[in-house]
Amino acid sequence: MALLKVKFNQKKRVKLAQGLWLMNWFSVFAGIIVFSMGLFLKIELRKRSEVMDNSESHFVPNSLILMGILSCAFNGFAGKICYDSLDPAKFAKWKPLLKPYLALCFLFNILLFFVALICFLMRGSLESTLAQGLKNSMKFYRDTDTPGRCFMKKTIDMLQIEFKCCGNNGFKDWFEIQWISNRYLDFSSKEVKDRIKSNVDGRYLVDGVPFSCCNPSSPRPCIQYQVTNNSAHYSYDYQTEELNLWGRGCREALLHYYSSMMSSMGAVVLLVWLFEMSVMVGLRLLHTSLESITNPEDPECESEGWILENSLKDTLKSALESLKKIGKFNQVEAGAEGAEGEEAGKTPAITTVS
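Since the structure is predicted, the reported quantities are computational estimates derived from the model, not experimental observations.

Asker: What exactly am I supposed to notice about the packing of aromatic side chains here?
Answerer: For any two aromatic rings, the description comes down to two numbers: the centre-to-centre distance and the angle of the planes. Scanning the model with the defined rule gives eleven aromatic pairs in all. With a centroid separation of 6.0 Å and 45° between ring planes, the pair formed by Phe74 and Tyr101 is classed as tilted. With a gap of 27 residues between them, Phe74 in helix H2 (residues 59-84) and Tyr101 in helix H4 (residues 95-121) connect regions that are remote in the sequence. A relative accessible area of 6% places Tyr101 in the buried class.

What follows is the structure, given as structure tokens:
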């Protein structure tokens, strides 16, 4: 028994073809939106590529761009088929291509659904990428005179100001690295010498943070040096002074920014996928309803359209049997080739009688 069998007359077939033509051009527009989202996400990721550890995060925007291009191509082609289906003479040339085209559409929709899921599931990979990338970038904050790294200070400062964050996981991350360049240290000063000697790595570590960690909403001037020394500042307790420095780490801020963006894009792609599935189902009904016309010379006659010629269970069973036959055929061929090789390896024994 066919799956989702529908009876059509000439009027219904025309309406279906016209509706599908319109839906395909809406799908082309949806493909442009998906392409634009991928391009926008790629630009946003490239803006902060210096604080990311690898390029794995670009898998999502690249996939969106590819899906957008394929959607425009597939739906533009389907729109042409639907337009020509109104004329039996024009539709005849598309008949041999419809089954392979529908198979490609099915694969495309599987990939589109997979890309939508990836948009929701990339959070873990993005988090590790940001964590390692920010950690490495903070080490280069002081290298303002080093070619290739001189821009890192500005990049991190602008990042902390824009996203209202400080450090990787929090402001205390700055206590563990030397973020002040040696160029601005007075090595004749006893305080500088003692601080460097107290560190086994010979780094100048301070309980201070860059100016970009300061919260302008703080009711008092920003305390960026001797942050943990309560006695160095009047009426100050660093554990309760929440408004003085940004409390959120930049990894969390960036992760929230990109995750929310990808989740929104994933929801849009899911809606596009549902629309594409409905277009594919409609195209299949149109294809089968036109093929099942008993009298091609009478365009007014009724016909039947369906999604699958047999039930889903029977279709899956026949597909498995076909796969088994292909497997057996390959085994027989491999066995035949092996037998031929053995026969070729045997040389006939020739006895000579003198």
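Once the structure has been displayed, the description carries forward.
Asker: Sorry, what's going on with the packing of H2 against helix H8 (residues 250-291) here?
Answerer: Each packed pair of helices is defined by two parameters, the angle between the axes and the distance between the axes. Contact geometry for H2 and H8: axes closest at 12 Å, N-to-C directions at 25°. Classified by the angle between their axes, H2 and H8 sit roughly parallel to one another. Handedness of the crossing formed by H2 with H8: left-handed. Touching Val60, Leu64, Ser71, Asn75, Ala78 and Cys82 of H2 are Met262, Met265, Val269, Glu276, Val279, Leu283 and Leu286, all from H8. Taken together, the residues that form the contact of H2 with H8 break down as ten nonpolar, two polar and one charged.

Asker: Hey, could you run me through the nonpolar core in this one?
Answerer: Across soluble globular proteins, nonpolar side chains show a tendency to be buried alongside one another. Among the nonpolar cores identified, the biggest contains 53 residues, and Leu41, Val60, Leu64 and Leu254 are the most heavily contacted of them. Listed by contribution, the elements that provide at least two residues to this core are helix H1 (10-47), H2, H4, helix H5 (123-139), helix H6 (152-163) and H8. Looking at which element gives the most residues to this core, the answer is H8, with 16 residues. Once you skip the residues sitting within four places of it in the chain, Leu64 turns out to touch Val34, Phe35, Met37, Gly38, Leu41, Val115, Cys119, Met265 and Val269. Listed in part, the 24 residues of the second largest apolar core include Tyr141, Met152, Val227 and Trp246.

Asker: How do you make sense of the confidence of the model for the chain when you look at a structure like this?
Answerer: Interpretation of the predicted coordinates at a detailed level should be avoided for regions scoring low in pLDDT. On average, residues of the chain score 81 in pLDDT, and 79% of them reach the 70 mark or higher. Long-range and interchain partners of residues 349-354, a stretch whose pLDDT sits below 50, account for zero contacts in this model, where long-range means more than four residues apart.

Asker: I'm lost on unusual backbone geometry in this one. Help?
Answerer: Peptide bonds are trans in most cases, and residues, glycine excluded, mostly fall at negative phi. Phi is positive for Lys164, which is not a glycine, with a value near 55°. Turning to its location among the elements, Lys164 is positioned in the loop between H6 and helix H7 (190-197). In this model, Gln226 sits at a positive phi of 50°, which is unusual for a non-glycine residue. Relative to the helices and strands, Gln226 resides in the loop between H7 and H8. Judged by its relative accessible area of 40%, Gln226 falls in the partly exposed class.

Asker: Sorry, what's going on with H6 here?
Answerer: Owing to its 3.6 residues per turn, the α-helix brings residues three or four apart onto one side. With twelve residues, H6 extends 16 Å between its outermost C-alpha atoms, agreeing within 8% with the 16 Å of an ideal straight helix rising 1.5 Å per residue. Those residues of H6 not exposed but buried are Met152, Ile156, Asp157, Leu159, Gln160 and Phe163. One side of H6 carries all its buried residues, which in axial view fall inside an arc of 160°. Facing away from the buried side of H6 by more than 90 degrees, the exposed set consists of Lys154 and Glu162. Just beyond H6, the residue with positive phi is Lys164, at close to 55°.

Asker: Mind showing me how you'd approach the environment of Phe40 here?
Answerer: Secondary-structure assignment places Phe40 in helix H1. In this structure the C-alpha to C-alpha distance between Phe40 and Pro61, which are 21 residues apart in sequence, comes to 8.1 Å. Residues within four places of Phe40 in sequence aside, it is in contact with Met261 and Met265.

Asker: In this structure, what is going on with the side chain of Ser181? I would like to understand it.
Answerer: Mapped onto the elements, Ser181 comes out in the loop between H6 and H7. In contact with Ser181, not counting residues within four places along its chain, are Arg142 and Thr144.

Asker: What's the story with the environment of Pro221 in this structure? I'm lost.
Answerer: Its location among the elements puts Pro221 in the loop between H7 and H8. The sequence separation of Pro221 and Asn244 amounts to 23 residues, and the corresponding C-alpha distance is 7.9 Å.

Asker: Would you take a moment to explain the pattern of salt bridges for this structure?
Answerer: This model, assessed by the stated rule, comprises seven salt bridges. For the salt bridge of Lys47 with Glu44, the shortest nitrogen-to-oxygen distance reads 2.9 Å. Of this pair, Lys47 and Glu44 both sit in helix H1, three residues apart, roughly one helical turn. On the basis of relative accessible area, Lys47 is assigned to the partly exposed category, the value being 49%. Across the pair Arg48 and Glu44 runs a salt bridge whose closest N-O atoms are separated by 3.5 Å. Comparing Arg48 with Glu44, the two get one shared label, buried. By sharing partners, the salt bridges in this structure join Glu44, Lys47, Arg48 and Glu162 into a single network.

Asker: Would you mind going over a nonpolar patch on the surface with me for this structure?
Answerer: Residues Trp21, Leu22, Trp25, Phe26, Tyr83 and Leu86 make up a contiguous nonpolar surface patch of roughly 630 Å² in combined accessible area. Here the element with the most residues in the nonpolar patch is H1; it accounts for four residues. Counting through the fold element by element, Trp25 comes out in helix H1.

Rules used throughout
Residues numbered from 1 in each chain as written. Predicted model: local features only at pLDDT ≥ 70, side-chain atom pairs only at ≥ 80, totals over all residues. Heavy atoms only, no water. Phe/Tyr/Trp six-rings, centres within 6.5 Å; stacked < 30°, edge-to-face > 60°. Helix = DSSP H or I, 4+ residues; strand = E, 2+ residues; numbered from the N terminus. Buried < 20%, exposed > 50% of the residue type's maximum accessible area, 1.4 Å probe, protein only. Axes fitted to C-alpha atoms, helices over the stretch in contact; angles between N-to-C directions. Parallel < 35°, antiparallel > 145°, perpendicular 65-115°, else oblique. Left-handed = near helix turned anticlockwise from the far one by under 90°. Contact = heavy atoms within 4.5 Å. Nonpolar A, V, L, I, M, F, W, Y, C, P; charged D, E, K, R; others polar. Core = buried A, V, L, I, M, F, W, Y, C linked by side-chain atoms within 4.5 Å. pLDDT = per-residue confidence, 0-100. Expected span 1.5 Å × (residues − 1). Arc of directions from axis to C-beta. Salt bridge = Lys/Arg side-chain N within 4 Å of Asp/Glu carboxyl O. Patch = residues over 30% accessible without salt bridge, like charges linked within 9 Å, V, L, I, M, F, W, Y side chains within 5 Å. Areas by Shrake-Rupley, 256 points an atom, 1.4 Å probe, with all protein chains shown as cover.

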